[in-house]
Amino acid sequence: MTAETPDYSVVIPAYNEAVLLPRTLASIQDAMARIQTWTGEIVVVDNNSTDATAQVARQCGATVVFEPLNRIARARNRGAESASGRYLIFVDADTTICSDLLEQALRHLAGECVCGGGARVGTSDPVPGTVRLVLRIWNALSGRLKWAAGSFVYCLREAWQDSGGFH
């Protein structure tokens, strides 16, 4: 990241995520470091946590803002309001991403044909077969219905503003 205005902002709403947040931030920082075309920032929204979420986020180098009302839509909107980038990437605090995913989202937004989008949901962690089945069903349904999972959503700042934000 540079001292100049970043091209994009990764916004992470977080409520009591001190344990999972370091893994998420490490994956995002790694993805950002691998992409030289755009500059970015990370904004963590402490959504009235009672654990060390804010301290952990700061220690990991993120900008931290506070949202007192425990609603993920409010936290996402608070983060977007505080963010500086033209492109907004919303990532859940328990979600990891790779540089390919981040770069693809940024290319879509920079291409001027897309105002927003999302990604399929997957996991590399060991999970029960029922969870894998639910993920397969979700991905099939969301692809058909053009839904985006909240764990990774991206948009132009103008699209977020014009839509009135998350509700």
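Residues numbered from 1 in each chain as written. Predicted model: local features only at pLDDT ≥ 70, side-chain atom pairs only at ≥ 80, totals over all residues. Heavy atoms only, no water.

Here we look at the layout of surface pockets
Of the voids in this model, the largest pocket is the one considered here, and its volume is about 450 Å³. Lining the largest pocket are 18 residues; nearest its centre among them are D94, T95, T96, G122 and T123. Grouping the amino acids of the lining of the largest pocket by side-chain chemistry returns six nonpolar, seven polar and five charged. Quantified by volume, the second largest pocket comes out at close to 210 Å³. At four residues, helix α5 (residues 129-145) tops the list of elements feeding residues into the lining of the second largest pocket. Classifying every residue of the lining of the second largest pocket gives five nonpolar, four polar and two charged. (1 Å grid on protein atoms, 1.4 Å probe; cavity = no way out; pocket = protein on both sides within 12 Å on 5 of 7 lines; lining within 4 Å. Points joined across faces, edges and corners; volume = space filled by probe spheres on them. Nonpolar A, V, L, I, M, F, W, Y, C, P; charged D, E, K, R; others polar. Helix = DSSP H or I, 4+ residues; strand = E, 2+ residues; numbered from the N terminus.)

Observations concerning the pattern of salt bridges
One pass over the full model with this rule turns up five salt bridges. Between D30 and R34 there is a salt bridge whose closest N-O contact spans 2.9 Å. Here R34 and D30 lie together in helix α1 (residues 21-34), a separation of four residues that amounts to about one turn. The partly exposed category is assigned to D30, whose relative accessible area is 39%. Residue class for R34 comes out exposed when judged on its relative accessible area of 58%. Among the ionic pairs, E103 bridges to R107, the shortest N-O distance being 3.1 Å. Here R107 and E103 lie together in helix α4 (residues 99-110), a separation of four residues that amounts to about one turn. (Salt bridge = Lys/Arg side-chain N within 4 Å of Asp/Glu carboxyl O. Buried < 20%, exposed > 50% of the residue type's maximum accessible area, 1.4 Å probe, protein only.)

Quick word on helix α3 (residues 72-82)
Looking only at α3, the buried set comprises A73, A75, R76, N77, G79 and A80. For α3, the secondary structure elements touched by its buried residues are β1 (8-14), β2 (40-46), β3 (63-66), β4 (87-91) and α6 (157-163). (Contact = heavy atoms within 4.5 Å.)

Brief notes about the sheet that holds β1
Within the open sheet, the six strands sit side by side as β3-β2-β1-β4-β6-β5. Their pairing is mixed. Strands with a single pairing partner mark the edges of an open sheet, and in this sheet they are β3 and β5 (116-118). Pairwise comparison of adjacent strand axes, ignoring direction, gives a mean angle of 20° for this sheet. Direction of pairing for β4 relative to strand β6 (residues 152-156): antiparallel, over a ladder of five bridges. Residue pairing across strands places L88 opposite C155, the latter belonging to β6. Packing against the sheet, α1 makes contact with β1, β2 and β4, and its axis sits at approximately 165° to β2. (Pairing = 2+ DSSP bridges. Axes fitted to C-alpha atoms, helices over the stretch in contact; angles between N-to-C directions.)

Section: the nonpolar core
Core analysis: the biggest nonpolar cluster contains 31 residues, and Y8, I12, I42, V44, I89 and L102 have the highest contact counts within it. Of all elements in the fold, only β1, α1, β2, α2 (53-59), β4, α4 and β6 reach the threshold of two or more residues within this core. Aside from chain neighbours lying at most four places away, what touches I12 is L21, T24, L25, I28, I42, V43, V44, V45, V91, D92 and A93. Core analysis: the next-biggest nonpolar cluster, separate from the first, contains 12 residues, A75, A83, V153 and W160 among them. (Core = buried A, V, L, I, M, F, W, Y, C linked by side-chain atoms within 4.5 Å.)

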